[in-house]
Amino acid sequence: MVFVVLGQNPPDDSKKDKKEPNVNSWVSWSEALKLAKQEKKPICILIQDPECSGCQIFKEEFDASVTAQELSSKFILASIKKTDAPNDLKQDGDYVPRVYFASPDGKILSVSNELGNPKRKFNYPNIRSLLVSMTNVIKLHDKKW
């Protein structure tokens, strides 16, 4: 038996990842702290190196992900060069890329990549694992702030 629903088209998943580059700007750490306090949003912090191909791929995948863009609207996005990262953002090493999360007052949260390498807790080799952590931070934010 086949059912046909007239007047509705199936979702077009072919356009799912074909979105404009991320409209949410990556700002400096100092600017992120200021904006997070003003807007009462958590901070997503990317530690990167401009010469790192993995960092470039990470940003490209982030920008291409519709879900990442939707979730990132609930964050202030900070991008920090590896050489400028404060010591509290080197909790398990100095590798890149790595992503930390902070509360609106700048306190670094213990959220890390639960699906990844335990020796590199803040590395997100794929966007899917980052989306899990972003969702966890939003849940924390909704409860606490």
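What follows covers the overall build of the chain. When helices and strands are tallied, the chain shows four helices and four strands. Listing every helix and strand of the chain by position from the N terminus yields β-α-β-α-α-β-β-α. Contacts in the chain between residues at least 24 apart in sequence constitute 73% of all its contacts with a sequence separation of at least 6. For the chain, the exposed surface amounts to about 9000 Å²; the carbon and sulfur share of it is 51%.

Moving on, we get to the packing of aromatic side chains. Inspection of the entire model under this criterion finds four aromatic pairs. With centroids separated by 5.8 Å and ring planes inclined at 50 degrees, the aromatic side chains of F75 and F101 adopt a geometry described as tilted. On the criterion of sequence distance, the pair formed by F75 in the loop between α3 (66–72) and β3 (76–81) and F101 in strand β4 (residues 98–102) is long-range, its members being 26 residues apart. Here the two residues F75 and F101 agree in accessibility, since each one is buried. The lysine or arginine in question, R98, covers the ring of Y95, its NZ or CZ lying 5.8 Å from the ring centre.

According to the stated counting rule, one finds three salt bridges in the structure shown. Linking E31 and K34 is a salt bridge whose minimum nitrogen-to-oxygen distance equals 3.5 Å. Of this pair, E31 and K34 are both found in helix α1 (residues 29–39), three residues apart, which corresponds to roughly one turn of the helix. Owing to a relative accessible area of 44%, K34 belongs among the partly exposed residues under this scheme. Taking the shortest distance from any N to any O, the salt bridge between E39 and K41 comes out at 3.5 Å. Relative accessible area serves as the criterion here: at 40%, E39 is assigned to the partly exposed category. Residue K41 is classed as partly exposed on the basis of its relative accessible area of 21%.

This part takes up the pairing of strand β2 (residues 43–48). A large share of β2 lies buried, amounting to six of its six residues. When β2 meets β3, the two strands line up parallel, connected through six bridges. Residue L46 lies in a different strand from β3, and its bridge partner there is S79. Pairing geometry for β2 and β4, over five bridges, is antiparallel. Bridge pairing in β4 places I45 opposite Y100.

Tracing the chain through its elements places R98 in strand β4. A polar side-chain atom of R98 sits 3.3 Å from a polar atom in the side chain of Y100. Excluding anything up to four places from it in sequence, R98 contacts I45, L46, I47, A85, L89, K90, G93, F122 and N123.

We now examine the environment of K121. Structurally, the position occupied by K121 is in the loop between β4 and α4 (127–144). Separated by 10 residues in sequence, K121 and V111 place their C-alpha atoms 9.0 Å apart. Residues in contact with K121, not counting those within four places in the same chain, are D92, Y95, S112 and N113.

The rules we used
- Residues numbered from 1 in each chain as written.
- Predicted model: local features only at pLDDT ≥ 70, side-chain atom pairs only at ≥ 80, totals over all residues.
- Heavy atoms only, no water.
- Helix = DSSP H or I, 4+ residues; strand = E, 2+ residues; numbered from the N terminus.
- Contact = heavy atoms within 4.5 Å.
- Areas by Shrake-Rupley, 256 points an atom, 1.4 Å probe, with all protein chains shown as cover.
- Phe/Tyr/Trp six-rings, centres within 6.5 Å; stacked < 30°, edge-to-face > 60°.
- Buried < 20%, exposed > 50% of the residue type's maximum accessible area, 1.4 Å probe, protein only.
- Lys NZ or Arg CZ within 6 Å of the ring centre and 35° of its normal.
- Salt bridge = Lys/Arg side-chain N within 4 Å of Asp/Glu carboxyl O.
- Pairing = 2+ DSSP bridges.
- Polar contact = N/O pair within 3.5 Å; in protein donor to acceptor, adjacent residues only side chain to side chain.

Take it as geometry only, folks, not as evidence of what the structure does.
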